[in-house]
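Given next are the chains, with one letter for each unit.
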Amino acid sequence: MKQLLCLLFLSFFLLGTHNSFSQSAGKLFSQGKDAAKDGKTDEAIALFTKVLELKPKDDEVMIERGKAYETKKELEKAIADYDNALNIKKDEKLYLKVAALKISIGKWPQALFDVDRVLEDDKDNIEAFEQKAWCLINTKNFADALATCDAALAKNQYNHRLHYLKGMSKDSLKDYAVAVTEYQRAVTIMNGLTEKNQPMFKPYYTNLAMAQTKAGMYDDAIKNYTTATKIDVKDSI
């Protein structure tokens with residue numbers, strides 16, 4: 001009888017302790033989100049860290065702390081939190097987000113790993129194809145990048161970025177005539193867009209002009225160099 005009472009007491013004690021930890025963690029998490037919302041990033045990180053001390057496997061808290069680190073431009077720490085969250089729970093959008101961060105700091109193989117995880121489950125994700133092709137180009141796997149672009153263009157032939165990346169792949173493989181064609185397609189599709197981010201498209205004209213120069217199309221190259229220069233008159237090419 002005494003043993004039973006002891007076990008019951010212990011059970012109630014542990015349950016109460018667990019509930020207390022949960023309430024404490026929940027309060028700290030809410031305070032952390034409020035701090036982040038108010039721009040108090042360091043305070044938010046400190047609060048999220050305290051929550052993770054209580055709940056070390058909470059992927060939601062890892063993601064929120066990762067966002068706070070990202071706000072501070074501490075990308076390595078943000079990536080670490082996102083990766084840890086993904087180890088607990090797969091999330092397609094988070095894979096793409098962390099891949100983009102890794103790309104921004106030149107972690108091409110690691111980013112490639114993330115986009116491949118997306119394509120395993122979603123073989124029609126064009127953004128993942130774009131990121132994969134970009135990673136392959138930057139790791140000098142040009143033939144694989146070309147194959148990736150072709151696979152994606154079979155699903156969406158009107159994606160200007162894919163044509164641009166295919167142009168880069170062909171350019172790197174010294175197939176300048178096809179590179180010119182792909183760059184031109186990218187520019188044509190881009191010009192049909194309602195809203196244009198002109199600074200983003202400057203490389204389209206620049207790379208097109210460079211490929212045309214290599215292909216001996218000098219007059220056309222001059223026209224496209226001129227267009228690229230007009231996009232940002234302060235930048236000389």
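Here's a quick rundown of the structure.

The rules behind the values
Residues numbered from 1 in each chain as written. Predicted model: local features only at pLDDT ≥ 70, side-chain atom pairs only at ≥ 80, totals over all residues. Heavy atoms only, no water. Patch = residues over 30% accessible without salt bridge, like charges linked within 9 Å, V, L, I, M, F, W, Y side chains within 5 Å. Areas by Shrake-Rupley, 256 points an atom, 1.4 Å probe, with all protein chains shown as cover. Salt bridge = Lys/Arg side-chain N within 4 Å of Asp/Glu carboxyl O. Lys, Arg positive; Asp, Glu negative; His and termini not counted. Charge placed at Lys NZ, Arg CZ, Asp CG, Glu CD. Helix = DSSP H or I, 4+ residues; strand = E, 2+ residues; numbered from the N terminus. Expected span 1.5 Å × (residues − 1). Buried < 20%, exposed > 50% of the residue type's maximum accessible area, 1.4 Å probe, protein only. Arc of directions from axis to C-beta. Phe/Tyr/Trp six-rings, centres within 6.5 Å; stacked < 30°, edge-to-face > 60°. Lys NZ or Arg CZ within 6 Å of the ring centre and 35° of its normal. Contact = heavy atoms within 4.5 Å.

1. A short note on a negative patch on the surface
Step number 1: Together, Asp91, Glu92, Asp121 and Glu127 make up a negatively charged patch on the protein surface.
Step number 2: Structurally, aspartate 91 is set in the loop between helix H4 (75–88) and helix H5 (92–104).

2. Considering H4
Step number 1: Its 14 residues place the ends of H4 20 Å apart at the C-alpha level, agreeing with the 20 Å of an ideal helix rising 1.5 Å per residue.
Step number 2: Of all the residues in H4, the buried ones are Leu75, Ala78, Ile79, Asp81, Tyr82, Ala85 and Leu86. Mapping the buried residues of H4 onto a view down its axis gives an arc of 165°, with all of them on the same face.

3. Regarding the packing of aromatic side chains
Step number 1: Across all of its chains, the model carries five aromatic pairs by this definition.
Step number 2: Seen in terms of ring centroids, tyrosine 164 and tyrosine 183 are 5.8 Å apart; in terms of plane orientation they differ by 45°. Their pairing is tilted. One end of the pair, tyrosine 164, is in helix H9 (residues 160–172); the other, tyrosine 183, is in helix H10 (residues 176–191), with 19 residues separating them in the sequence.
Step number 3: A centroid spacing of 5.0 Å and a plane angle of 80° characterise the contact between phenylalanine 201 and tyrosine 204, whose relative ring orientation is edge-to-face. Remark: tyrosine 204 and phenylalanine 201 occur in helix H11 (residues 198–214); sequence separation between them is three residues, near one turn of the helix.
Step number 4: Over the aromatic face of phenylalanine 113 sits the side chain of arginine 117, whose NZ or CZ is 4.2 Å from the ring centroid.
Step number 5: Here arginine 161 stacks its cationic end above the ring of tryptophan 134, 5.9 Å away from the centre of that ring.

4. Considering the side chain of aspartate 81
Step number 1: Relative to the helices and strands, aspartate 81 is located in helix H4.
Step number 2: Discounting chain neighbours no more than four positions away, the residues touching aspartate 81 are Met62, Arg65, Gly66 and Tyr69.

5. Things to note about the pattern of salt bridges
For side chains bearing opposite charge, pairing can occur when the charged atoms are close.
Step number 1: Tallied over the full model, the rule gives 19 salt bridges.
Step number 2: Salt-bridge contacts for aspartate 42 lead to lysine 72; the nearest nitrogen and oxygen are separated by 2.6 Å. Taken as a pair, aspartate 42 in helix H2 (residues 41–54) and lysine 72 in the loop between helix H3 (59–71) and H4 lie far apart in primary sequence, 30 residues in all.
Step number 3: With its nearest N and O atoms 3.8 Å apart, the salt bridge here joins glutamate 130 to arginine 161. Residue glutamate 130 is located in helix H7 (residues 126–138), and its partner arginine 161 is located in helix H9; the two are separated by 31 residues in the primary sequence.
Step number 4: On the accessibility criterion, glutamate 130 (15% relative accessible area) is buried.

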